[in-house]
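# Tertiary structure, described
Okay, here's what each chain looks like letter by letter:
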There are 2 protein chains.
Amino acid sequence: MKNVIGIDIGGTITKIGIVSKDANCLKKISFRTKEYIDFSSYIDKIHSSINKIASDNIEILGVGIGAPNASKNGTIETPANLNWSGNLNLVENLKKKINLPVFLSNDANCAAIGEMMYGNAKNLKDFIVITLGTGLGSGIVSNGKLVEGYDGFAAELGHFSINNSEGRLTGLGVKGGLEAYVSATGIKRTIMYMLSKYMNDSVFRGIAFKDLHGEDITKAAENNDFIAIKAYEYTGKILGKSLANFVTFSQPEAIILTGGLTNSGDWIMKPTKKSFNENLLPFYQNKVKILLSALKEKDSTILGSAALVWKNI
Amino acid sequence: MKNVIGIDIGGTITKIGIVSKDANCLKKISFRTKEYIDFSSYIDKIHSSINKIASDNIEILGVGIGAPNASKNGTIETPANLNWSGNLNLVENLKKKINLPVFLSNDANCAAIGEMMYGNAKNLKDFIVITLGTGLGSGIVSNGKLVEGYDGFAAELGHFSINNSEGRLTGLGVKGGLEAYVSATGIKRTIMYMLSKYMNDSVFRGIAFKDLHGEDITKAAENNDFIAIKAYEYTGKILGKSLANFVTFSQPEAIILTGGLTNSGDWIMKPTKKSFNENLLPFYQNKVKILLSALKEKDSTILGSAALVWKNI
C-alpha cells in the first residue's frame, strides 16, 4: 500500500507520522525540537526517525513538512521559535539523506490543505483556516489553490493589525497584531487585562500568568467566573470582526477554526459568530460559514503536512 | 485583424471601445448611463453602439464588460450607483442580441487584468490593483489568477474597516470603511475634517463641499495650503497602513494605484509610501513595490474590460 510521511516541526515538539490516503496516521514518533543545538544534527534525527517508522514493506511516496516561517524555496527563514537562525535549507539537506520528493510549507498552510483533503473544506475552492495555538496562524485557499504570495509569506494574519485602542504588541512588535488578542496566549493576556479593568471576584485573582492554562479559563467560565466570561466575549468580538474584514479580501465560502483555543467550544464560538454577523457586509450575509475543524486535533498537523505530498505528486 | 470590444459601465458614463491585442483603443463611443430608465432599453443602447463602431471589415472575438457589483454568474447584483435594482442578467440579455462570447467582471478586477496584460503587472503572479475614483475599488491576483471568491464579491477593499477613532461611514454604512477616507470623495471629506480640526487659513474656507474638486486640492497643496497638505498626509497615512495590512493576506509583489486621486502624484504617493514602510512587517521589507498604473487613464477602463476577453478566449 502507498503512503506518505507527514512532519510537523513545532517550536517544542517535532512529530513524524506515516499517513495513508484515507487520512489514517498508521505509525508516529515525536521528539523535542529544542534538544538539537545545530541544524545538521536535527536533520540527522529526522532522517533516523523516518527510518525507524518506515519499515521495508511500506511504500513511501514522499515527505511533506509543515514549519513556521517556511518559504517557497524549501527554506525556513529566521524562525523566531526555533533554536537555529538564518536561512535553513531544510528541503535540500533532507533530500540528500533520503531518496524521496520533499515538500515544505507554512504549518497553517498545511492545515488548510489537510482540511481540503480530509476535513471540512472538501469540495471548497475558497476558504480560510485559522489556527489558534500559541500564536495565530492562517492558510488561505482561493480558486482551489493556496495563496502563498511572492515568496511564501502570504497568510500571516496573526500579524494583521486590528488597530484597536488597546494597542497590544505581538512578539514581532506589531501594534494591535491579531494574535496578541486571539490565540492561547492572547486570551491569557486578556485575562490580565480584565483583572486590570474590573475588580470583580475571580479565580484568576490567585493564579499567576505563567501558571494559567486554557482549560482553566473554560472551567472558570462554566463556573460563571465574570473575568473568564468577559475574556471570551472580548476575544470573540475581536475575532468575529476581523474575520468579517477578511471576507472583503477573498470572500471564502467557509472559515474553519482549529487549535487549542477552539477546545472551549461555544465559549469562543458564540461571541465570534455574533460579532462576525454584526460586521459582515450586506452582500455577504448567509454566504460565509464559520466552522470548527473536523480533524482529530491529535494528528491534524501530521495529516496536514502529509496532505502536502498528496496534493503535489 | 482580430479585435475585441471592451465596455466600462460606470454610474455616470458607459464607454465602449474596440481594442487590439497590443492595447490600442481603435474606436470608441460613450453615452450617459442614467438616461436609460429601464434595463432593456439600456441593453438596446449597448447593442446599437456596438453596431455603430464595429464595421464589417473588423473581426470581433468577444465582448468584455467591467461593472460595479458584477457577480460570477453574469449578473449585476443590486447596484448602488445604477438606475436599476435587483439582479440584472446582463450577460444573458446581451448574448441574445449579439452572437459573440460575453464576459463580465467587477470593474476593479478588469483594471487588474488590464495591468497584467498591458501595464505594470506584466509577468507578475501576485499583485493588487487599487482604483481610487469616486469610491475605492480593488482587484487581487494570486498565483496568476483573480481572487474572485465564492460568487465574485472578493476584493471589496473599499469596505475594509480600518477601525480608526474617527469612524466615518461609507455609503453602505460601514464604520471606518477604507473608501470613506481614501478615494476622490474621501479626501474631500478629509478637507472638511481638517477645516473642523484646525483654524489655519485655507482656500477651502471659501469653497463648499459640492464645489470641491480633486485638482483644487493638488493646486492648493502646491500653493502651500496647510489644510490641503494635512489632507494628503492623513490620506496617505491611512492608505499606507492599510496596504501594509493587506500584504499579510496575499503578499503581493506589487501594489498598483490608479484613478483620479493618483493624479496628485507625489502629494499622495510620498505619505503613502512612508506610512507603508513604517507599518510593513520585517520579513516583507524590500519585497513589495508600490507603483502607479502605466496605462493611459483615458482608455484604461475600456482596455481592462477588453483584457477580460483576451484572458478568457
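Residues numbered from 1 in each chain as written. Chains lettered and ligands numbered in written order. Predicted model: local features only at pLDDT ≥ 70, side-chain atom pairs only at ≥ 80, totals over all residues. Heavy atoms only, no water.

Bringing the overall build of chain A into the picture now. Helix and strand content of chain A: eight helices and 12 strands. Since a compact globule built from 313 residues should have a radius of gyration of about 20 Å, the 20 Å found for chain A is in line with a globular shape. With the C-alpha coordinates aligned to their principal axes, the bounding extent of chain A is approximately 60 × 45 × 35 Å. Buried positions account for 58% of the 313 residues belonging to chain A. Within chain A, contacts between residues separated by at least 24 positions form 62% of all contacts whose residues are at least 6 apart in sequence. Surface exposure of chain A reaches about 13,200 Å², of which carbon and sulfur atoms provide 48%. Counting 35 positive and 29 negative side-chain charges, chain A places the centres of these two groups 2 Å from one another. (Helix = DSSP H or I, 4+ residues; strand = E, 2+ residues; numbered from the N terminus. Rg over C-alpha atoms; globule rule 2.2 N^0.38 Å. Buried < 20%, exposed > 50% of the residue type's maximum accessible area, 1.4 Å probe, protein only. Contact = heavy atoms within 4.5 Å. Areas by Shrake-Rupley, 256 points an atom, 1.4 Å probe, with all protein chains shown as cover. Lys, Arg positive; Asp, Glu negative; His and termini not counted. Charge placed at Lys NZ, Arg CZ, Asp CG, Glu CD.)

A separate point is helix 3 (residues 107-118) of chain B. Residue and element names in this part refer to chain B. Taking 1.5 Å as the rise per residue, helix 3 with 12 residues should run 16 Å; its terminal C-alpha atoms sit 16 Å apart, in good agreement. For helix 3, the buried fraction is high: 10 of the 12 residues fall into the buried class. Where helix 3 begins, one side-chain oxygen reaches toward the backbone nitrogen of alanine 108, 2.8 Å away; that side chain belongs to asparagine 106. (Expected span 1.5 Å × (residues − 1). Polar contact = N/O pair within 3.5 Å; in protein donor to acceptor, adjacent residues only side chain to side chain.)

Time to look at the side chain of serine 49 of chain A. Residue and element names in this part refer to chain A. Mapped onto the elements of the fold, serine 49 is located in helix 1 (residues 39-53). Looking at serine 49, the relative accessible area reads 1%, which means it is buried. Discounting residues that sit within four places of it in the chain, serine 49 has contacts with Ile16, Ile29 and Phe31.

The next subject is the packing of aromatic side chains. Inspection of the entire model under this criterion finds 28 aromatic pairs over all chains. Look at phenylalanine 31 of chain A and tyrosine 36 of chain A: their rings are 5.6 Å apart centre to centre, the planes differ by 75 degrees, and that puts the pair in the edge-to-face class. You'll find phenylalanine 31 of chain A and tyrosine 36 of chain A in the same group, each marked buried. Taken together, the ring pairs in this structure connect Phe160, Phe246 and Phe249 of chain A together with Phe160, Phe246 and Phe249 of chain B into an aromatic cluster. One Lys or Arg, lysine 45 of chain A, reaches over the ring of phenylalanine 31 of chain A and ends 5.3 Å from the middle of that ring. (Phe/Tyr/Trp six-rings, centres within 6.5 Å; stacked < 30°, edge-to-face > 60°. Lys NZ or Arg CZ within 6 Å of the ring centre and 35° of its normal.)

Moving on: the sheet that holds strand 9 (residues 136-142) of chain B. Residue and element names in this part refer to chain B. Across the sheet, which stays open at both edges, the five strands sit in the order 10-9-8-11-12 with mixed pairing between neighbours. Single-partner strands in this sheet number two, and they are strand 10 (145-146) and strand 12 (289-292). As paired strands, strand 8 (residues 127-132) and strand 9 are joined by six bridges and run antiparallel to one another. The partner of valine 129 across the bridge, within strand 9, is glycine 139. Packed onto the sheet, helix 6 (residues 226-250) meets strand 8, strand 9, strand 11 (254-258) and strand 12 and runs at close to 150 degrees relative to strand 8. (Pairing = 2+ DSSP bridges. Axes fitted to C-alpha atoms, helices over the stretch in contact; angles between N-to-C directions.)

With 100% of its residues at a pLDDT of 70 or more, chain A shows a mean pLDDT of 93. Two summary scores accompany this predicted model of the complex, namely pTM at 0.93 and ipTM at 0.92. (pLDDT = per-residue confidence, 0-100.)

This paragraph deals with the relation of the copies chain B and chain A. Turning chain B through 180 degrees and shifting it by 0.0 Å along the axis lays it on chain A, with an RMSD of 0.0 Å. Within this description, the copies of the chain are treated as partners about a two-fold rotation axis. Ranked by how close their C-alpha atoms come to the rotation axis, the residues of chain B are headed by asparagine 163 of chain B, at 3.1 Å. Both copies present the same face, since 100% of the interface residues in chain B are matched by interface residues at the equivalent positions in chain A. (Least-squares fit on C-alpha atoms with pLDDT ≥ 70 in both.)

Before going further, it helps to spend a moment on the packing of helix 6 of chain B against helix 7 (residues 266-279) of chain B. Residues and elements named next belong to chain B. Between helix 6 and helix 7, the shortest axis-to-axis distance is 7 Å and the interhelical angle comes to 40 degrees. Viewed along their axes, helix 6 and helix 7 adopt a mutual orientation that is oblique. As helix 6 packs across helix 7, the resulting crossing turns out to be right-handed. Facing Ile229, Tyr232, Glu233, Thr235, Gly236, Lys237, Leu239, Gly240, Lys241, Leu243, Ala244 and Val247 of helix 6, the residues of helix 7 in contact are Trp267, Ile268, Pro271, Thr272, Ser275, Phe276 and Asn279. (Parallel < 35°, antiparallel > 145°, perpendicular 65-115°, else oblique. Left-handed = near helix turned anticlockwise from the far one by under 90°.)

A few words on the interface of chain B and chain A. On the chain A side, the residues contacting the 40 residues of chain B number 40 residues. Where chain B abuts chain A, roughly 3,500 Å² becomes buried across the two surfaces, and 56% of that area is made up of carbon and sulfur atoms. Here chain B is connected to chain A by four salt bridges. Lysine 287 of chain A is paired through a salt bridge with aspartate 151 of chain B; the nearest N and O atoms lie 2.8 Å apart. In this assembly, chain B and chain A are joined by 26 residue pairs in polar contact (both at pLDDT 80 or more). Of all the secondary structure elements, the ones that give two or more residues to the side of chain B that touches chain A are strand 9, strand 10 and helix 6 of chain B. When residues of the side of chain B that touches chain A are assigned to their parent elements, the largest contribution, six residues, is made by helix 6 of chain B. Residues belonging to the side of chain B that touches chain A are distributed by class as follows: 18 nonpolar, 12 polar and 10 charged. (Buried area = accessible area lost by both parts, 1.4 Å probe. Salt bridge = Lys/Arg side-chain N within 4 Å of Asp/Glu carboxyl O. Nonpolar A, V, L, I, M, F, W, Y, C, P; charged D, E, K, R; others polar.)

Attention now goes to the sheet that holds strand 9 (residues 136-142) of chain A. Residues and elements named next belong to chain A. Strand order across the open sheet formed by five strands is 10-9-8-11-12, with mixed pairing between neighbours. Bordering the open sheet on either side are strand 10 (145-146) and strand 12 (289-292), each of which pairs with just one other strand. Pairing analysis gives five bridges linking strand 8 (residues 127-132) to strand 11 (residues 254-258), with the strands arranged parallel. Paired with valine 129 across the strands is isoleucine 256, a residue of strand 11.

Ranked by size, the top nonpolar core spans 101 residues in total, and within it Ile130 of chain A together with Ile130 of chain B carry the most contacts. Of all the elements, helix 6 of chain B adds the most residues to this core, at 13 residues. Judged by nonpolar contacts, the second largest core, of 29 residues, contains Ile5, Ile50, Trp84 and Val102 of chain A. (Core = buried A, V, L, I, M, F, W, Y, C linked by side-chain atoms within 4.5 Å.)

Residues and elements named next belong to chain A. Most of strand 4 (residues 59-67) is tucked away: seven of the nine residues are buried. Examined bridge by bridge, strand 1 (residues 2-9) and strand 4 share six bridges and lie parallel to one another. Of the residues in strand 4, the one forming a bridge with lysine 2 is glutamate 59. As paired strands, strand 4 and strand 7 (residues 102-106) are joined by five bridges and run parallel to one another. In the strand pairing of strand 7, isoleucine 65 is matched with leucine 104.

Below, the discussion takes up a positive patch on the surface. Taken together, the side chains of Lys21, Lys125, Lys145 and Lys311 of chain A together with Lys21, Lys125, Lys145 and Lys311 of chain B present a region of like positive charge at the surface. With respect to the helices and strands, the residue lysine 145 of chain A is situated in strand 10. On the basis of relative accessible area, lysine 145 of chain A is assigned to the exposed category, the value being 52%. (Patch = residues over 30% accessible without salt bridge, like charges linked within 9 Å, V, L, I, M, F, W, Y side chains within 5 Å.)

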